[in-house]
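Topology and contacts: notes
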Amino acid sequence: QVQLVESGGGLVQPGGSLRLSCAASGSVFSGNAMGWYRQAPGRRRELVATVTANGNTGYADSVKGRFTISRDNAKNIVYLQMNNLKPEDTAVYYCNAVAAGFAGNWGQGTQVTVSS
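My aim in this report is to walk through the structure given alongside it, one point at a time. As the structure is a prediction and not an experimental result, all values here were calculated from the model.

Time to look at the sheet that holds strand 1 (residues 4-7). Overall, antiparallel pairing links the four strands, which are arranged 1-3-8-7 in an open sheet. Every other strand in the sheet has two partners, leaving strand 1 and strand 7 (67-72) as the edge strands with one partner each. Direction aside, the axes of adjacent strands within the sheet are offset by 15 degrees on average. Pairing between strand 7 and strand 8 (residues 77-82): six bridges, direction antiparallel. Paired with Thr 68 across the bridge in strand 8 is Gln 81.

Okay, here's the thing in structure tokens:
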């Protein structure tokens, strides 16, 4: 059962922007805080941004001021607007519910590559 589908990644130059989207099943999305995670080669998956059901947001220090997370509760979609991208942002990006009890099966992720 596909519960999470990420899209919007690509190759971008340093300083560029991308907007990621994540379509989630209702069981994962509805009423739950959602997060964007990323995993770079050889590194553990890390949480970079969160948004609660009522829109409160939180960010890792590494992306604060550059990334913006949002959600559309009518469409079960979570977005991540990424501006001023840096090479260290290169990773596969995933979304999921933040609380382990509501998390779905991880999707395939979307590759973001920041390179000149």
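What follows continues from the structure just given.
Tallied over the entire structure, the rule returns one disulfide. One disulfide in the model links Cys 22 with Cys 95; its S-S distance is 1.6 Å. Placement of the pair is Cys 22 in strand 3 (residues 18-24) and Cys 95 in strand 9 (residues 91-97), with a sequence separation of 73 residues. By relative accessible area, Cys 22 is classed as buried at 0%. Residue classification places Cys 95 among the buried positions, given a relative accessible area of 0%.

Cut-offs applied
- Residues numbered from 1 in each chain as written.
- Predicted model: local features only at pLDDT ≥ 70, side-chain atom pairs only at ≥ 80, totals over all residues.
- Heavy atoms only, no water.
- Pairing = 2+ DSSP bridges.
- Helix = DSSP H or I, 4+ residues; strand = E, 2+ residues; numbered from the N terminus.
- Axes fitted to C-alpha atoms, helices over the stretch in contact; angles between N-to-C directions.
- Disulfide = S-S within 2.5 Å.
- Buried < 20%, exposed > 50% of the residue type's maximum accessible area, 1.4 Å probe, protein only.

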